[in-house]
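The residues making up each chain are set out below.
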Amino acid sequence: VAQKWIMHLDMDAFFAAIEQRDDPSLRGKPVIIGAKPGGRGVVSTCSYEARKFGIHSAQPISQAYRRCPQGVFLRPSMEKYVAVSRQVMAVLEEVSPLVEPISIDEAFVDITGLDRLRGTPRQIGGFTKQRIVDELGLTASVGIGPNRLVAKLGSEYEKPDGLTVVPPEEVLDWLAPMSVARLRGVGPQAQKKLARIGIKTVAQLRAWRREDLARNFGAGYSDHLYDQSRGIGGDTINTAWERKSISKEVTFGEDVTDPEELLDTLLYLAQEVGRICRCETLQGTVVTLKIRLEKFETHTRQTKLDHATCSDRSIYRAARELFQASGFAGRAVRLIGLGVSDWESDRGRQLDLGFVSEQSDQKLFEAVDALNAKFGRQTVRLGPGRKPRGKGERGSE
Ligand SMILES: [Mg+2]
């Protein structure tokens, strides 16, 4: 079996970099893309100049404004960013046909076995970055390693404009001094808890036996930590076409017990997942709810629908029923996620949902998606679903 090589590419300050590219007067300035200052929304992306003021994604816009009133505050031009995103993905597809977009500005690429054609992994990474500079006038950070975990940690290792290649035999040494905060799914709560038992670095984490970790963090989450500390991760790239599921999750900054807030968050997630399904003309028949409680206790609940759907409303309805039947209402929830899977095999029959009410929903959703693409995500929403006050959001990974 050939050694697997996975590349992760992440565009640098994507929205802000596009605005600075297109308007030279913005170059060198703190540019903040997101909600209107004075409003209730959050920062979507900001330029590296803005980061020096302590501004970051998902921060309340009011706080960003307080830190940097002289900054240039712009509303997102999603239509433009989506067009550039397609160009980025097209460059990647020229490098290898196995591209899995993770978000608008990030993708995994399987570059296994391309050495004859395109050179070493480092050469492939350098060449890809150069193509993006030449053709799009933008920079990206790239990580390359034997699996998705190492590739993703690699692209974050040196930013912006980074290129980090970690061959399999160097993975353990490379990870050892790294802060556990860098690992996937290790939020502020987990960091505190790890620090309390003397774990700050990956090397310290690696010294723990699986069963001892499980005693502190529960079976599922401790396996996740155990594997990451050893650089173990998946190496399968799912192109959009063969994607098995579409999911989104939110990790709350503070645990949430209010069922209303959790249902609002589920509605928001249903809208996000529905939008991605419609973008990719996929309709699923299984809805999955994921909930993480205190002590990293993680549960999933699934339901099979009687028809395939990409409708926010149907996804939400199924998720709400799962939540209400779960018995977790009133418990402190740390993370909540929602996914759709088990696609209807006849892909592309977009409007043929078989349900009259679903059909009218569908038209409405398309109109909503078009408006949101034009004026920024979640300009128009169906129902009260609000952007959660979560600290981290993740797509299907
Ligand atoms: Mg990025």
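The structure displayed is predicted, hence computed values, not measured ones. (Residues numbered from 1 in each chain as written. Predicted model: local features only at pLDDT ≥ 70, side-chain atom pairs only at ≥ 80, totals over all residues. Heavy atoms only, no water.)

## A short note on unusual backbone geometry
For the record, the criterion: Runs of E in the DSSP output that reach at least two residues are strands. Runs of H or I that reach at least four are helices, and both are numbered from the N terminus.
The linkage connecting Lys159 with the following residue, Pro160, adopts the cis geometry, with an omega of -5°. You can see Pro160 is positioned in the loop between helix 7 (148-157) and strand 8 (163-165). Backbone geometry at Ala13 places phi at a positive 40°, although glycine is not the residue there. Position of Ala13 among the secondary structure elements: in the loop between strand 1 (6-11) and helix 1 (14-22).

## Some remarks on helix 1
Note the following rule: Only protein chains enter the accessibility calculation, which uses a 1.4 Å probe; a residue whose area is less than 20% of its type maximum is buried, one above 50% is exposed, and one in between is partly exposed. Contacts are residue-level and defined by heavy atoms, with any inter-residue pair within 4.5 Å sufficient.
Most of helix 1 is tucked away, with seven of its nine residues classed as buried. Residues of helix 1 that are buried: Phe14, Phe15, Ala16, Ala17, Ile18, Glu19 and Gln20. Looking at the packing, one finds that the buried side of helix 1 touches strand 1, strand 2 (31-34), strand 3 (43-46), helix 2 (48-51), strand 4 (72-74) and helix 4 (78-95).

## Focus: the packing of aromatic side chains
Rules: Ring geometry is summarised as follows: Phe, Tyr and Trp rings, the Trp one being its six-membered ring, pair when their centres sit within 6.5 Å, and such pairs are stacked at plane angles under 30 degrees, edge-to-face over 60 and tilted between the two. To sit over a ring, a charge needs its Lys NZ or Arg CZ within 6 Å of the ring centre and within 35 degrees of the ring normal.
On inspection of all chains with the given rule, the structure shows seven aromatic pairs. For the ring pair Phe15 and Tyr81, a centre distance of 4.2 Å and an interplane angle of 15° mean the geometry is stacked. Residue Phe15 is located in helix 1, and its partner Tyr81 is located in helix 4; the two are separated by 66 residues in the primary sequence. The exposure class assigned to Phe15 is buried, which follows from its relative accessible area of 9%. Residue class for Tyr81 comes out buried when judged on its relative accessible area of 0%. Considering the side-chain rings of Tyr157 and Trp174, the 5.0 Å spacing of their centres and the 55° angle between planes classify their relative orientation as tilted. Of the two residues, Tyr157 sits in helix 7 while Trp174 sits in helix 8 (residues 171-175), which places them 17 residues apart along the sequence. Overall, the relative accessible area of 13% leaves Trp174 in the buried class. Members of the aromatic cluster, connected to one another through ring pairs, are Phe14, Phe15 and Tyr81. The positively charged end of Arg51 is found above the aromatic ring belonging to Tyr48, 4.3 Å away from the centroid.

## Topic: the nonpolar core
Quick note on the threshold: Put simply, buried Ala, Val, Leu, Ile, Met, Phe, Trp, Tyr and Cys residues joined by side-chain atoms within 4.5 Å make one nonpolar core.
In terms of nonpolar packing, the biggest core is built from 35 residues, with Phe14, Val88, Leu92, Ile111, Ile132 and Leu138 touching the most fellow members. Among the elements of the structure, strand 1, helix 1, strand 2, helix 4, strand 6 (106-110), helix 6 (121-136), strand 7 (140-145) and strand 8 are those that each provide at least two residues to this core. Broken down by element, this core gets its largest block of residues, eight residues, from helix 4. Apart from residues no more than four positions distant in its own chain, Phe14 is found in contact with Thr45, Tyr81, Val84, Ser85, Val88, Ile104, Asp105 and Leu138.

## Brief notes about the environment of Thr300
Within the fold, Thr300 resides in strand 11 (residues 298-309). Not counting the four nearest positions on each side in its chain, Thr300 is found in contact with Thr288, Leu289 and Lys290.

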